[in-house]
Amino acid sequence: MTVFILVSGVFTGAHVWEDAAARLAAAGAEVHAVALTGLGGPRDAAGAGIDLDTHIGDVLAVIDSVGVAAGREIVLVGHDYGIHPVLGAADRRAERIARIVYLDAGMPQDGVPALAAVPDQSLRARLAERAGAGGAGGLGGVEGADGELPPPARDEWQRWGSTAGVPEAALDRLTALASPQPLATLLQPLRLTGAAAAVPTTGVLCNGNGASIEMVQLRVGVGDPALQALTDPRVTFFELPTGHWPMLSCPAELAEVLLRAAAGEGHRLEPAGAAEPPVHLRPFLLDVPEVPRERAGNVDLYLPDAEGPWPAVVFVHGGPLPAEARPTPRDWPTFMGYARYAAGQGVVGVTLDHRLHDVADYERAAADVAAAVELVRADPRVDADRVALWFFSGGGPITADWLGAPPSWLRCLAATYPILAPLPNWGMVGSRFHPAAAVAEARALPIVLTRAGLEMPEIAATVEEFLAAAKDCGADVEVVDVPHGRHGFETLDPTDESREAVHHAMRSVLAHLTA
């Protein structure tokens, strides 16, 4: 018999599992929803004395209560914050655990507190600052009295993950039954010996919260060292087309996925290098001329074979990408190909490396882009009054700075398979890096948007949000569609359709530059 032990996330208790647990039990499983101390379980006044170790102890108590009869396999399921006490308990009882399920959760590491996984970047920074000033006790009276973080109001749950699909009544109940989160549970570092590393795992990703198997595979493919362990054959994945609370939005589908995970089913990732060459290092889909390249720091210039000064197109790569990735994006065939194509058409093609290594890095990546643009405009071979910026993929949020206050010399802004609003699990509510909000200030700036028809759903949703906002404000947007193209179609899908899309977008950008 499979024994599921379900552990919920911040502010929530065992009640969130009721529907999913009933379906698991109806399928013949034994189910235990853990009531964590202070979160539906027993508590001292104002969260006093409750830390991560307390919650690890709660999970251990349930594990130890399960009989050891043959055929009883324990599957630990951790949602959100709940993965931290799950891993802490699994590390201490690894021999008892058949599988660990990460339900729309991060990948906690030894020595790192759960605070690092809090999605709201501004709240995370405030808590970290206060913790550094005096530990959990130093937070009293700031985010809540006596070492507690008050639960969200009904309209604030989005800061902790997408509520897509959660019925109104369920959201009302979630709010009514929410408990303050003891701050020490977020601030105490998780301590792991590594014993649980041998336990098979499953990740359940929620598309509506900004996660997908395809996105994880892309990051694995570019060599992100933090994700290479996910290619172990004992690691499987499922995804659900819903927000961050699948136990409330689609309990039947979640129960089915958990049963399949317990049976060892699921998608397995390909290791980096399994495809030769990796997708991002495959040849550019067009034959472009060999063009001289000049390198200045983190910026490369591809120069036309003609008299200057010339207009320039600055190509901005996406991310987040690991700092260790080699070659760096400006040496990827896609960006070299676009830059050479532009130079062959009589304009300077510019590529650069910026420091978008984490979703918290947008500010410094935007500063890198702005500095590169100024370096290019200061070059006497460049017509400083005729510049276009062309953004790709995760570089899309940086467009907000240029849409919100377009300078007179910016003749066109292009974006190819971009992310045009922060994904829900990025914790960037209220961030300036929100192109769908900034487009209202774009005025007459021409925008050329290349849209991949087979885009990842979480990214496609941001493009549709942007286009709806652009339509409302009358922005000048030209859409170039690639109906059968995927994210990164320049190397993934070298078809006539893809080639024509690149030609079309380049013609449009150059027309705005030279008008």
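Definitions and limits used
- Residues numbered from 1 in each chain as written.
- Predicted model: local features only at pLDDT ≥ 70, side-chain atom pairs only at ≥ 80, totals over all residues.
- Heavy atoms only, no water.
- Disulfide = S-S within 2.5 Å.
- Buried < 20%, exposed > 50% of the residue type's maximum accessible area, 1.4 Å probe, protein only.
- Pairing = 2+ DSSP bridges.
- Helix = DSSP H or I, 4+ residues; strand = E, 2+ residues; numbered from the N terminus.
- Axes fitted to C-alpha atoms, helices over the stretch in contact; angles between N-to-C directions.
- Core = buried A, V, L, I, M, F, W, Y, C linked by side-chain atoms within 4.5 Å.
- Contact = heavy atoms within 4.5 Å.
- Parallel < 35°, antiparallel > 145°, perpendicular 65-115°, else oblique.
- Left-handed = near helix turned anticlockwise from the far one by under 90°.
- Salt bridge = Lys/Arg side-chain N within 4 Å of Asp/Glu carboxyl O.
- Expected span 1.5 Å × (residues − 1).
- Arc of directions from axis to C-beta.
- pLDDT = per-residue confidence, 0-100.

**Q** So what exactly am I meant to see when it comes to the state of the cysteines here?
**A** Note on terminology: disulfide describes a covalent bond linking the sulfur atoms of two cysteines. Considering all chains together, one arrives at zero disulfides under this definition. Cys-206 supplies the cysteine sulfur nearest to Cys-250, a cysteine that is in no disulfide, at a spacing of 6.9 Å. Of the cysteine sulfurs around Cys-412, a residue in no disulfide, the closest is that of Cys-473, at 16 Å. The buried category is assigned to Cys-412, whose relative accessible area is 1%.

**Q** Just to check I follow, could you spell out the sheet that holds strand 7 (residues 201–206) for this structure?
**A** Within a sheet, each strand pairs with its neighbour through backbone hydrogen bonds, oriented either parallel or antiparallel. Reading across the sheet, the six strands line up as 2-1-3-4-7-8 and stay open at both edges, with parallel pairing between neighbours. The strands lining the two open edges of the sheet, one partner per strand, are strand 2 (30–33) and strand 8 (235–240). Here the strands of the sheet are splayed against their neighbours by 20 degrees on average, with no regard to which way each runs.

**Q** Where do I start with the pairing of strand 9 (residues 293–296) in this structure?
**A** Where a strand is regular, its side chains alternate between the two sheet faces. Both strand 9 and strand 10 (residues 299–302) contribute to a ladder of four bridges, which runs antiparallel. Residue pairing across strands places Arg-293 opposite Tyr-302, the latter belonging to strand 10. Here strand 9 folds back onto strand 10 in antiparallel fashion, the turn holding two residues, of which Gly-297 has a positive phi close to 65 degrees.

**Q** Honestly, the nonpolar core in this entry has me stumped. Any pointers?
**A** Nonpolar side chains in soluble globular proteins generally cluster together in the buried interior. Counting 70 residues, the largest nonpolar core has Ile-5, Leu-76, Val-77 and Ile-100 as its most contacted members. Top contributing element to this core by residue count: helix 2 (residues 52–65), with six residues. Excluding residues that lie within four positions of it along the chain, Ile-100 makes contacts with Leu-76, Ile-83, Val-86, Leu-87, Ala-90, Ala-196, Val-199, Pro-200, Thr-201 and Thr-202. In this structure, Leu-356, Leu-423, Met-456 and Ala-469 belong to the second largest nonpolar core, which totals 54 residues.

**Q** Honestly, the packing of helix 2 against helix 3 (residues 83–92) in this entry has me stumped. Any pointers?
**A** One way to put it is that helix 2 packs onto helix 3 with a least axis distance of 8 Å and a crossing angle of 60 degrees. When the axes of helix 2 and helix 3 are compared, the pair comes out oblique. Crossing of helix 2 over helix 3 shows right-handed handedness. The residues of helix 3 that touch helix 2, namely those facing Leu-52, Asp-53, His-55, Ile-56, Val-59, Leu-60 and Ile-63, are His-84, Pro-85, Gly-88, Ala-89 and Arg-92.

**Q** When you look at the pattern of salt bridges in this model, what are you seeing that I'm missing?
**A** A side chain of one charge can pair with a side chain of the opposite charge when the charged atoms of the two come close. Summed over all chains, the structure comprises 28 salt bridges. Glu-265 serves as the salt-bridge partner of Arg-260, at 2.8 Å between the closest nitrogen and oxygen. Given the relative accessible area of 35%, Glu-265 is considered partly exposed. Close ionic contact of Arg-507 with Glu-500 constitutes a salt bridge, the shortest N to O distance being 2.8 Å. Using a relative accessible area of 46% as the deciding quantity, one classes Arg-507 as partly exposed. Through salt bridges with shared partners, one network takes in Arg-293, Arg-295, Asp-300, Arg-330, Asp-331 and Asp-353.

**Q** Is there a simple way to think about helix 11 (residues 362–378) in this case?
**A** For an α-helix the count is 3.6 residues per turn, leaving residues at separations of three or four pointing the same way. Helix length check: helix 11 (17 residues) gives 24 Å between terminal C-alpha atoms against 24 Å at 1.5 Å per residue, within 8%. Taken together, the buried positions of helix 11 are occupied by Tyr-362, Ala-365, Ala-366, Asp-368, Val-369, Ala-372, Val-373, Val-376 and Arg-377. Buried residues in helix 11, looked at end-on, bunch into an arc of 165 degrees, giving them a common side. Structural note: helix 11 exposes Glu-363 and Ala-378 on the side pointing more than 90 degrees away from its buried face. In this fold, the buried residues of helix 11 make contact with strand 10, strand 11 (310–316), strand 12 (348–352), strand 13 (382–392) and helix 12 (399–404).

**Q** Explain unusual backbone geometry here, please?
**A** Most peptide bonds adopt trans geometry, and most residues besides glycine take a negative phi value. Here Gly-308 and Pro-309 are connected by a cis peptide whose omega angle stands at 0 degrees. The residue Pro-309 is located in the loop between strand 10 and strand 11 in this model. In this structure, the amide linkage connecting Gly-319 to the following residue, Pro-320, adopts the cis form with an omega of 0 degrees. Structurally, Pro-320 is set in the loop between strand 11 and helix 10 (333–344). Look at Asp-80: it is not a glycine, yet its phi comes out positive at around 60 degrees. Tracing the chain through its elements places Asp-80 in the loop between strand 3 (73–79) and helix 3. Under the relative-accessibility criterion, Asp-80 is labelled buried at 15%. Even without being glycine, Ser-393 reaches a positive phi, approximately 50 degrees. Mapped onto the elements of the fold, Ser-393 is located in the loop between strand 13 and helix 12.

**Q** Where do I start with the confidence of the model for the protein in this structure?
**A** As a note on interpretation, predicted positions should not be read in detail where pLDDT is low. Across the protein, the average pLDDT comes to 93, with 95% of residues at or above 70. Below a pLDDT of 50 lies the segment residues 134–146, which in the model reaches 23 contacts outside its immediate sequence neighbourhood of four places, other chains included.

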